[in-house]
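For reference, the chains in residue letters:
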Amino acid sequence: MDVAAILPQIFTGLVLGMIFVLLAIGLSLIFGLMTVVNFAHGSLYMLGAYFTVFFLAYTKSFWVALVVAPILVGVVGLAVERLLIRRLYGRGPDDPLLLTFGLSLVLIETAKLIWGKIGLTLDPPRALAGAVDLGFMAFPAYRLFVIAVTILVLVGLWAFVTRTDVGLIIRAGSRDPLMVRALGVDLNRIWLLVFGIGCGLAGLAGALAGPMRGAYADMGVTMVIESFVVVVVGGMGSLLGAVVAGIMMGQVVGLTTFFAPKLAEIMVFVVMAVVLLVRPSGIFGEEGLAE
Amino acid sequence: MKSMTRRTFLAASGAAAGMAATQGFFPAVLRAQGEPLRIGCPLPLTGPFAALAADMQRGAQLAQDELNLKGGVMGHKVEVLFRDDQLKPAVGAQRTKELIENEKVQFIVGGLAAHVQMAINEQTKKSKVLFISTSQSDEISAKPDTSPITFHEALNPTITSRVVGKWTCDNLGKKWWIIYADYAWGKQNNQVLTDTLKANGGTLLGSTPYPLGSAEFSAHLPKIQAAKPDVLMSVTPGADNIAFLKQARSFGMDKQMKLAQPLLWIAYLKEGGPELYQDVHGALNWYWELQDTIPTAKKFVEASMKKFNMPPGDYGAYSYSGVMEVARGVELAKSTDSFAVADALRKSPTYDHFKGKQWWRTCDNKSFQDMWIMKGRGPGKTKGEWGLADIVARVPADEKYDRTCAEKGFA
């Protein structure tokens, strides 16, 4: 197999990986700080896509929709944390898991009621329609845009977590919440913020995926499973792990599709099993955190 | 993933049970006016085939209305009961069983997706209820799966792919790549297309399976692009079709090769829009513009415009015809006994409900019918909201396109 054929494949896998990264980093952020396994993440991804369709129709501008839709999903996240999840703190990880799982079903059925059982399609903006010649292949301009946006968001997130006071508290809070509280920090507000940001990232993933895959109520069902795989492989709670594992899983799907298309869906789980055998807490995971 | 689907399933079953409870209540009132003729119609009302299923629901409703307007069938009011099979074989079998045992339907018309209709068929055979399948499958009208009370109204992969395969070979190019949904219908089409291509002197550069219900095709595309086929033949049913075409076009493949598929679906042409389907070739079993030349088609389109303000689609035509055939069979047999109705249909096999003459082949209860090779019209060339495709060629019904009775296991 010559390299010229593999290069386009790697590039294609990169886009798949970017969507995984955006979903996984939100999941990991929420888990790392709050030890909440957010099963509604896939449904928020779906909401991101539908909100984009809605605002695109309403404002006629994809750019407005791309900014407003994720923010709105983030606001939904804030409401979920404040009204539902907050009541379950201190009750072990199972209760929030069940709650968010139930919530995901409610959101999926609600989406079917509002937007119909038949999915909606949306197009990338005119400026990003068509393909760009990369020399080794013609690549869709919109997919390049997805890579660029994801990198920008990741850099922004990294700066936020490492360079701001709030980021400092988030990092400290995920290490030792009791100590952070003892120092007089109101962690409830931090948790609210982090949950909102995590959900907003899921919304952004959905908004970006919409013009590629369309919007339909079940679109998050398999995505949330695969994103959990990414989080587990990367290490629960590790942001760097989510990025590395997300990109890796994009490549796993892309390359398996190239060599053995029938195995593409299963391979993700095979890789997870192998990684967990070698490193039970994931590539960048800290031991004991997931227990 | 397992627990997720089980949960979703339970939730949906709960909702369906609730619906069944309310629906079960009303017919009791109707019974006072004499037993209605009840036809069960399981369809994938949710999932990637939902748009086609909605079309089929409308088609069956049109048949029901038309029959009742004429005073019913032998004085009995016709009632079609719809259930959501969620595109899952087990759910399809369960819904069919409930329709027969709880709702006391006398016939089943419907099913969409090769694998689900097989599950429905297993149930109708067990319950000895006549089933007119309205979805493509090669196995449904062949041994060992078929039965004397299993009828197949739709085209099948053998017929469609032999016809479209040959036409594409002759007109679009002889070097192909095939991408197909990895389930019964997709696999059957891939096989027949491959055989037809080779029989016509063409070359298959490659063939790629993908999981049905996929929304992401990008990882498949670079390999196909590198192979440089003349024709990219996509066996991507339902919503997959839109996602596939969008992504193939975004990679610029529409400029490098011809796009063809065994079938087009008007519901998806409408949803995807003319730009997406411009110059995409494929077959249709029915297209509403046939009303210009076929009298029964005109009547069918007018009824649909009146009730739903849109013309009937290709799969809606199947379910319409299926319900009409049950009614015709009951009237011929003067009985609602499934075996008597089946015999009656085989004895007078010719019918014309909406698109010209069709007939049941008596060995395998397979409907033979005209089909049309179509091409997406492209922006600026569409006629009204639904005039989305040009008829390129009419292919008159012919038993030679299907496997012979002997090949299908009938001695």
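Just so it is clear, the model here is predicted, and its values are computed rather than measured.

Now for the overall build of chain B. The number of helices and strands found in chain B is 13 helices and 15 strands. Against the globule reference of 22 Å for 411 residues, chain B gives a C-alpha radius of gyration of 21 Å, in line with a compact fold. If one aligns the C-alpha atoms of chain B with their principal axes, the spans along those axes are about 65 × 50 × 50 Å. Counting across all 411 residues of chain B, residues that qualify as buried make up 54%. In chain B, the proportion of contacts linking residues at least 24 apart, taken out of those at least 6 apart, comes to 71%.

The next thing to look at is the domain arrangement of chain B. All names here are of chain B. We note that the domain assignment places domain 1 (33-155 + 296-368) and domain 2 (158-284 + 372-401) within chain B. Just the C-alpha atoms count here: the centres of domain 1 and domain 2 sit 27 Å apart. Taken together, the contact between domain 1 and domain 2 spans 20 residues of the former and 20 residues of the latter. Elements that contribute at least two residues to the side of domain 1 that touches domain 2 include exactly helix H2 (50-69), helix H4 (114-127) and strand E12 (358-361). The greatest single-element share of the side of domain 1 that touches domain 2, amounting to 3 residues, is contributed by H2. In terms of residue class, the side of domain 1 that touches domain 2 is built from 10 nonpolar, 6 polar and 4 charged.

The next point concerns the interface of chain B and chain A. Contacts between the two partners involve 33 residues from chain B, matched on the other side by 31 residues from chain A. Element by element, the count of residues in the side of chain B that touches chain A is highest for helix H8 (residues 239-250) of chain B, at 5 residues. Looking at side-chain class alone, the side of chain B that touches chain A contains 18 nonpolar, 10 polar and 5 charged residues.

With that out of the way, let us pick up the packing of helix H1 (residues 3-34) of chain A against helix H5 (residues 141-163) of chain A. Residues and elements named next belong to chain A. Between H1 and H5, the least distance of the axes is 9 Å, while the angle of their chain directions is 40°. By the criterion of interaxial angle, the relationship of H1 to H5 is oblique. Taken as a pair, H1 and H5 cross one another with a handedness that is left-handed. Contacts between H1 and H5 involve Leu14, Val15, Met18, Val21 and Leu22 from the former and Arg143, Val146, Ile147 and Thr150 from the latter. When grouped by side-chain class, the residues that make up the contact of H1 with H5 number 7 nonpolar, 1 polar and 1 charged.

Right, let's talk about the confidence of the model for chain B for a bit. All names here are of chain B. In this model, chain B carries a mean pLDDT of 91, and residues with pLDDT of at least 70 account for 92%. Scored below 50 in pLDDT, residues 16-32 shows 9 contacts in the model against residues more than four places distant or in partner chains. Among the scores for the predicted complex, ipTM is 0.87 and pTM is 0.87.

Quick look at the nonpolar core now. Within the largest apolar cluster, 215 residues are counted, with the highest numbers of intra-cluster contacts made by Leu23, Ala24, Val194 and Ala205 of chain A together with Ile39 and Val323 of chain B. Per element, the largest residue contribution to this core is 16 residues, and it comes from H1 of chain A. When we break this core down by domain, the ones giving at least three residues each are domain 1 (33-155 + 296-368) and domain 2 (158-284 + 372-401) of chain B. Setting aside anything within four residues of it in sequence, one finds Leu23 of chain A in contact with His41, Tyr45, Ala202, Ala205, Met223 and Ser227 of chain A.

Turning our attention to helix H5 (residues 157-171) of chain B. Residue and element names in this part refer to chain B. Taking 1.5 Å of rise per residue, the 15 residues of H5 would be expected to cover 21 Å, and the 20 Å separating its terminal C-alpha atoms lies within 8% of that figure. Most of H5 is tucked away, with 11 of its 15 residues classed as buried. By the burial criterion, the buried members of H5 are Pro157, Thr158, Ile159, Thr160, Ser161, Arg162, Val163, Val164, Gly165, Thr168 and Cys169. The secondary structure elements touched by the buried residues of H5 are helix H6 (184-199), strand E8 (231-235), strand E9 (258-263), strand E10 (281-284), strand E14 (371-376) and strand E15 (389-395).

The subject of this paragraph is the packing of helix H2 (residues 41-59) of chain A against helix H4 (residues 94-115) of chain A. Residue and element names in this part refer to chain A. Interaxial distance between H2 and H4 falls to 8 Å at its minimum, and their mutual angle equals 25°. By the angle class used here, H2 and H4 are roughly parallel. Like other packed secondary-structure pairs, H2 and H4 cross with a definite hand, here left-handed. Counted together, Gly42, Ser43, Met46, Leu47 and Tyr50 of H2 and Ser104, Leu107, Ile108, Ala111 and Trp115 of H4 form the full contact between these two elements.

Our focus in this paragraph is the environment of Leu245 of chain B. Residue and element names in this part refer to chain B. Tracing the sequence through the fold places Leu245 in helix H8. Sequence-wise, Leu245 and Phe217 are 28 residues apart; in three dimensions their C-alpha atoms are separated by 9.3 Å. Leave out the neighbours within four places in its chain, and Leu245 touches Gly272, Leu276 and Val280.

Further remarks concern unusual backbone geometry. Residues and elements named next belong to chain B. Across the junction of Lys143 and Pro144, the peptide omega takes the value 5°, indicating a cis bond. For Pro144, the location among the structural elements is in the loop between strand E4 (130-133) and strand E5 (150-152). Positive phi is not limited to glycine here, since Met74 has a value of about 50°. With respect to the helices, strands and loops of the structure, Met74 is situated in the loop between H2 and strand E2 (78-84). Taking the C-beta count within 10 Å as the criterion, Met74 has 13 such neighbours and is therefore assigned partly exposed.

Counting through the fold element by element, Ala51 of chain B comes out in helix H2. Of the residues examined, Ala51 of chain B has 23 C-beta atoms within 10 Å and is grouped as buried. In the structure, Ala51 of chain B is positioned 216 residues away from Ala267 of chain B in sequence and 6.4 Å away in space, judged by C-alpha atoms. Sequence-distant contacts of Ala51 of chain B, defined by excluding residues within four places in its chain, comprise Ile118 of chain A together with Ala267, Tyr268 and Glu271 of chain B.

Residues and elements named next belong to chain B. The strand order across the open sheet built from 7 strands is E7-E6-E8-E9-E10-E14-E15, with neighbouring strands paired in mixed fashion. Edge positions in the open sheet fall to strand E7 (203-210) and E15, since each of these has one partner strand only. Pairwise comparison of adjacent strand axes, ignoring direction, gives a mean angle of 25° for this sheet. On the sheet, H6 packs against strand E6 (175-181), E7, E8 and E9 and is oriented at approximately 165° with respect to E6.

Definitions and cut-offs
- Residues numbered from 1 in each chain as written.
- Chains lettered and ligands numbered in written order.
- Predicted model: local features only at pLDDT ≥ 70, side-chain atom pairs only at ≥ 80, totals over all residues.
- Helix = DSSP H or I, 4+ residues; strand = E, 2+ residues; numbered from the N terminus.
- Rg over C-alpha atoms; globule rule 2.2 N^0.38 Å.
- Buried ≥ 20, exposed ≤ 12 C-beta atoms within 10 Å, placed from the backbone.
- Contact = placed C-beta atoms within 7 Å.
- Domains from an automatic or database assignment.
- Nonpolar A, V, L, I, M, F, W, Y, C, P; charged D, E, K, R; others polar.
- Axes fitted to C-alpha atoms, helices over the stretch in contact; angles between N-to-C directions.
- Parallel < 35°, antiparallel > 145°, perpendicular 65-115°, else oblique.
- Left-handed = near helix turned anticlockwise from the far one by under 90°.
- pLDDT = per-residue confidence, 0-100.
- Core = buried A, V, L, I, M, F, W, Y, C linked by C-beta atoms within 7 Å.
- Expected span 1.5 Å × (residues − 1).
- Pairing = 2+ DSSP bridges.

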